[in-house]
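# Residue-level structural notes
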Amino acid sequence: MATTPRSPLLRRFARKPGSKSAASVSVVLMWVGLAITLAFILIALLTPLMQSWGWLLDPTTALQNPIHQPPSGDHWFGTTRQGYDVFARTLFGTRAAWQVVLLATLLSVAIGVPLGMVSGYLGGWLDRALLFFMDTIYTLPGLLLSVTLAFVVGRGVVNAAIALSIAYIPQYYRVVRNHTVSVKTELFVEAAQAMGADPWTVLTRYLFLNVIQSVPVLFTLNAADAILVLGGLGFLGLGLPEQVPEWGADIRQALDALPTGIWWTALFPGLALTLMVTGLSLVGEGLNELMNPLQRRENWR
């Protein structure tokens, strides 16, 4: 028979992870992630203004600064082999990352959510065909699929967003479709159908708000994953055009200088990418704890 520790301190640490203490930790971490995410949003919005005010150097102007200069008062993050200012390119890389990631995730939501609702509500051969197609895409590795599509469509903000969004559409489809299948048998939906409501009215008025509750959580987690995939595409030379500052491309160019002790050209873009992914992941996990507390506690048991 299990015994409860007599010491208050031991009892505090003996609590199950699904208790209120675990939930409060998740909420605190969510606020930390939200602060990090908001900081990157502000950086993306204010970077062009900072350049126009003369606070930032032009991130695309090369060979006008000292080459491979370490961090100093003139160049806070140092310079690259081409003479780029690492601080300016790191901040402008935030703007490029947000543009691609938001466009990719919005495309995934705009396609996956309607398809999931229609498939789950109508059922039949359409549901089976879409489910088979989405499951086929879902089984493919996301990075491999994005690399293949990026190679086909070419480089650019819109092209990179399309290459990323294809891998996330099945996730929204599966979540929304499963929720739609469970909600469409509720009494309020059957009452609306009995009153003569057409499928469009049922989907938009009665089902939509009930089946998208998990979409914000999936949105933030997919955004975090999309940043990593975008960094991988840039590292492989399949991301954005060369004149656009991008963390993955900057890390790839910095690898040649690492054996010679030039560490700053790879450190700061890598730290920015890591912090942005961490912030979005913490926000997603915190939202999941708030929206699905019972499911999270079951998983902890």
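This text goes with the structure placed above it.
Rules used in this analysis
Residues numbered from 1 in each chain as written. Predicted model: local features only at pLDDT ≥ 70, side-chain atom pairs only at ≥ 80, totals over all residues. Heavy atoms only, no water. Helix = DSSP H or I, 4+ residues; strand = E, 2+ residues; numbered from the N terminus. Buried < 20%, exposed > 50% of the residue type's maximum accessible area, 1.4 Å probe, protein only. Contact = heavy atoms within 4.5 Å. Areas by Shrake-Rupley, 256 points an atom, 1.4 Å probe, with all protein chains shown as cover. Core = buried A, V, L, I, M, F, W, Y, C linked by side-chain atoms within 4.5 Å. Salt bridge = Lys/Arg side-chain N within 4 Å of Asp/Glu carboxyl O. Phe/Tyr/Trp six-rings, centres within 6.5 Å; stacked < 30°, edge-to-face > 60°. Lys NZ or Arg CZ within 6 Å of the ring centre and 35° of its normal. Axes fitted to C-alpha atoms, helices over the stretch in contact; angles between N-to-C directions. Left-handed = near helix turned anticlockwise from the far one by under 90°. Nonpolar A, V, L, I, M, F, W, Y, C, P; charged D, E, K, R; others polar.

## Describing the overall build of the protein
- Across its full length, the protein carries 12 helices and zero strands.
- Looking at the protein residue by residue over its 301 residues, the buried ones come to 42%.
- For the protein, the share of sequence-separated contacts (at least 6 apart) that also reach a separation of at least 24 residues comes to 71%.
- On the protein, roughly 16500 Å² of surface is accessible, and the fraction owed to carbon and sulfur atoms is 67%.

## Here we look at the nonpolar core
- Counting residues in each nonpolar core, the largest one holds 44 residues, and the members touching the most others are M117, L164, L207, I227, L233, W247 and M276.
- Elements with a minimum of two residues in this core: α2 (20-52), α3 (86-122), α5 (142-153), α6 (157-183), α8 (199-211), α9 (215-236) and α11 (264-291).
- Counting residues per element, this core draws most heavily on α3, at 10 residues.
- If sequence neighbours within four positions are ignored, I227 has contacts with V101, W247, L273, M276, V277 and L280.
- Grouped together as the second largest cluster of nonpolar side chains are 11 residues, F77, F87, A257 and F268 included.

## A look at the pattern of salt bridges
- Counting across every chain of the model gives three salt bridges.
- R177 serves as the salt-bridge partner of D127, at 2.7 Å between the closest nitrogen and oxygen. On the criterion of sequence distance, the pair formed by D127 in helix α4 (residues 124-139) and R177 in helix α6 is long-range, its members being 50 residues apart.
- Notably, a salt bridge pairs D135 with R174, separated by 2.7 Å at the nearest N-O pair.

## Some thoughts on the packing of aromatic side chains
- Tallying each qualifying case throughout the model produces seven aromatic pairs.
- Considering the side-chain rings of W53 and W55, the 5.1 Å spacing of their centres and the 65° angle between planes classify their relative orientation as edge-to-face.
- When its relative accessible area of 51% is taken as the criterion, W53 is described as exposed.
- Across the ring face of Y84, the terminal group of R89 is positioned such that the distance to the ring centre comes to 4.5 Å.

## Examining the packing of α5 against α6
- Two elements in contact, α5 and α6, have axes separated by 8 Å at closest approach and are oriented at 145°. In the packing of α5 onto α6, the handedness of the crossing is right-handed. Along its contact with α5, which presents G142, L145, S146, L149, A150 and V153, the element α6 presents N159, A163, L164, I166 and A167.
- The residue makeup of the contact of α5 with α6, split by class, is eight nonpolar, three polar and no charged.

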